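# Observations on chain architecture
Residues per chain, in single letters:
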Amino acid sequence: MVALERPVRAEGSVEVWLMSLLQASQESVHCIIRQAFHFINDNTFDFLEFIARFQAQVGGCCTCLLLLLLLFLLKLSLLLLLLLLFVVVVVVVVVVVVVVVVVVVVAVVVVADAAF
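Residues numbered from 1 in each chain as written. Predicted model: local features only at pLDDT ≥ 70, side-chain atom pairs only at ≥ 80, totals over all residues. Heavy atoms only, no water.

### Here we look at the pattern of salt bridges
Heads up, the rule is: By definition here, a salt bridge exists when the distance from a side-chain nitrogen of Lys or Arg to a carboxyl oxygen of Asp or Glu is within 4 Å. Segments assigned H or I by DSSP are reported as helices when at least four residues long, segments assigned E as strands when at least two residues long, and all are numbered from the N terminus. Only protein chains enter the accessibility calculation, which uses a 1.4 Å probe. A residue is then buried if its area is under 20% of the maximum for its type, exposed if over 50%, and partly exposed in between.
Inspection of every chain in the model, using the stated rule, returns 2 salt bridges. One salt bridge in this structure joins Glu27 and Arg6, with 3.0 Å as the shortest N-O distance. Taken together, the residues span a long stretch of sequence, with Glu27 in helix H1 (residues 14–40) and Arg6 in the segment before H1 at a distance of 21 residues. Residue Arg6 is classed as partly exposed on the basis of its relative accessible area, which comes to 30%. Between Glu11 and Arg9 there is a salt bridge; the shortest N-O distance is 3.4 Å. For Arg9, a relative accessible area of 63% puts it in the exposed group.

Right, here's the structure in full:
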């Protein structure tokens, strides 16, 4: 149940007061979402208190957003680890190629010196 931030009088034509009720309920939900936003950004954020304090729709929605953010960060960290692994493999291959070239050059020089 969402408590309205401002009262709405059910008098006059139905269309008018129902529209007023709709606007008041939207303002109230917006206020709850704003409070949840400030609660999440607090340095002393407690997830269990957050879930207990806010309506299921707001808590569930924010929980889904937090989980999506966590999944994004996990995928990002996995991609970064794969990129780091690729860089390490490239560096190792380059070092091996350089060592092989140096060994071949030294062998050629040694063979050339022995021939003279």
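We are not done yet, so read on.
### Quick word on the environment of Phe47
Selection criterion: The criterion used for residue contact is that any of the two residues' heavy atoms lie within 4.5 Å.
With respect to the helices, strands and loops of the structure, Phe47 is situated in helix H2 (residues 47–53). Since its relative accessible area comes to 33%, Phe47 is described here as partly exposed. Setting aside residues no more than four positions away along its own chain, Phe47 makes contact with Thr63 and Leu66.

### Some points on the side chain of Ser28
Applicable threshold: Here a polar contact means two N or O atoms within 3.5 Å. Within protein one must be a hydrogen donor candidate and the other an acceptor candidate, and residues neighboring in sequence count only if both atoms are side-chain atoms.
Topologically, Ser28 is positioned in helix H1. Its relative accessible area of 0% is what places Ser28 among the buried residues. In this structure the side chain of Ser28 is engaged in a polar contact, spanning 2.8 Å, whose partner is the backbone nitrogen of Glu5. At a separation of 2.9 Å, a polar atom in the side chain of Ser28 contacts the main-chain carbonyl oxygen of Ala24. Contact partners of Ser28, with chain neighbours within four places excluded, come to Val2, Ala3, Leu4 and Glu5.

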